[in-house]
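Take a look at the letters that make up each chain.
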Amino acid sequence: MRMRAIVVLAAVVLGAVAPGSTDRQSLTLTADVAQVAVTPAPCSKAGFELRFGNTGKTAVYADAFLDAGTSLTLSRKLVSSYLPPGYTLKVPITVNAPRSTAPGSYSITVKAGNRKLTLPVQVGEPPINTTGNLARYVPVTASSEHLPVYPACGAVDGDRYSEHWAKTTGWNDATKGTFPDWLQVTFDQPQTVGRVDLYTLNSKQYPAAGYGLKDWDVQAQVAGNWQTVAEVRANTAGLKSSTFTPVLATALRIRTLAGNEGPTYSRIVELEAYGG
């Protein structure tokens, strides 16, 4: 893997105003770290703690607005809070550089009134895939995401372990009881795909027979058209491998149709694709 990108968070304070307050120097904006490492890949994100304070003698309601342009993704773009005198609110902010983000220098700005915090960002090269899994590190999208715990990228982060569900891995849709849902990976260039491994939820607390995916279709985009290359029905296992005649695909999609819990959610811990 190439060197990880370094996101440099160097706070630059330019002035202050507290909305509704006569003390124009009462707000403070700082970050807790000098630098954060991040790579431009799905679910590879770094973070910092935004410290939003009021040093005045009067309580205020204040808003802090965060902006990273279109190349970076932040977990929050607005922090709105009641700030008592002498109080500092500490808010974790995650920073993600999508795989399409070009290496180079960027910046994050945080504003509250006329107080401004500037965080320079340096994005490096994306990681190189040496796993053989064609779905690793490529762009991923879904019909919906149950955020912030179950993002689509949680299903292609390299973690197959169901005991990590709801902690660090896995995708869950956001439309309970509504099927079909879908999860899709898009390749940088056409890939020959002949096997798909799907890991659904299968932990001690939530076994696959009760909570995992039951029915789904494996679809491949071939010559611009979607075609179903495999069908899975009545599944009760945590891992289901689907093999089929290899196709040259530009994208791969899991179209979920039913879960073993009934009219509930689609749950995928990890999606992997191989040549055959």
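Everything numeric in this text was worked out from a predicted model, so none of it was measured. (Residues numbered from 1 in each chain as written. Predicted model: local features only at pLDDT ≥ 70, side-chain atom pairs only at ≥ 80, totals over all residues. Heavy atoms only, no water.)

Caption draft 1: How the structure looks around the overall build of the protein. Secondary structure assignment for the protein yields one helix and 17 strands. The burial tally for the protein puts 48% of its 276 residues in the buried class. Looking at the protein alone, contacts between residues at least 24 apart form 71% of all its contacts between residues at least 6 apart. Carbon together with sulfur atoms contributes 51% to the accessible area of the protein, which is approximately 13,000 Å² in total. Within the protein, the 20 negative side-chain charges are centred at a point lying 5 Å from the centre of the 25 positive side-chain charges. (Helix = DSSP H or I, 4+ residues; strand = E, 2+ residues; numbered from the N terminus. Buried < 20%, exposed > 50% of the residue type's maximum accessible area, 1.4 Å probe, protein only. Contact = heavy atoms within 4.5 Å. Areas by Shrake-Rupley, 256 points an atom, 1.4 Å probe, with all protein chains shown as cover. Lys, Arg positive; Asp, Glu negative; His and termini not counted. Charge placed at Lys NZ, Arg CZ, Asp CG, Glu CD.)

Caption draft 2: Broad picture of the sheet that holds strand S8 (residues 88-96). Taken together, the four strands give an open sheet; going across it, the order is S2-S4-S8-S6, and neighbouring strands pair in antiparallel fashion. Two strands close off the open sheet at either side, each with one partner strand: strand S2 (27-31) and strand S6 (73-74). Examined bridge by bridge, strand S4 (residues 45-54) and S8 share nine bridges and lie antiparallel to one another. By the bridge assignment for S8, Gly47 is matched with Thr94. (Pairing = 2+ DSSP bridges.)

Caption draft 3: The nonpolar core, seen in detail. If you look at the biggest cluster of nonpolar residues, it comprises 32 residues, and the most contacted ones within it are Leu183, Val185 and Val218. When residues in this core are grouped by element, the largest group, six residues, is from strand S13 (residues 181-200). Excluding residues that lie within four positions of it along the chain, Val218 makes contacts with Val196, Gln227, Thr228, Val229, Ala230, Ser242, Phe244, Leu252, Arg253 and Ile254. In this structure, Leu50, Val79, Ile108 and Leu119 belong to the second largest nonpolar core, which totals 27 residues. (Core = buried A, V, L, I, M, F, W, Y, C linked by side-chain atoms within 4.5 Å.)

Caption draft 4: Spotlight on the side chain of Ser242. Assignment of secondary structure puts Ser242 in strand S16 (residues 239-259). Here Ser242 falls in the buried class, since its relative accessible area comes to 6%. With near-sequence residues (within four places) excluded, Ser242 lies in contact with Gly194, Arg195, Val196, Val218, Ala230 and Val232.

Caption draft 5: Quick peek at the packing of aromatic side chains. Scanning the model with the defined rule gives three aromatic pairs in all. When the ring of Tyr61 is compared with that of Tyr82, the centres are 5.1 Å apart and the planes differ by 55 degrees; the resulting orientation is tilted. Here Tyr82 lies in strand S7 (residues 78-83) and Tyr61 lies in strand S5 (residues 60-67), a separation of 21 residues in the sequence. When the centroid spacing of 4.9 Å and the interplanar angle of 35 degrees are considered together, the rings of Tyr150 and Trp165 count as tilted. You can see Tyr150 sitting in the loop between strand S11 (140-142) and strand S12 (171-172) and its partner Trp165 sitting in the loop between S11 and S12, a full 15 residues away along the chain. For Tyr150, a relative accessible area of 15% puts it in the buried group. The class for Trp165 is buried, based on a relative accessible area of 8%. (Phe/Tyr/Trp six-rings, centres within 6.5 Å; stacked < 30°, edge-to-face > 60°.)

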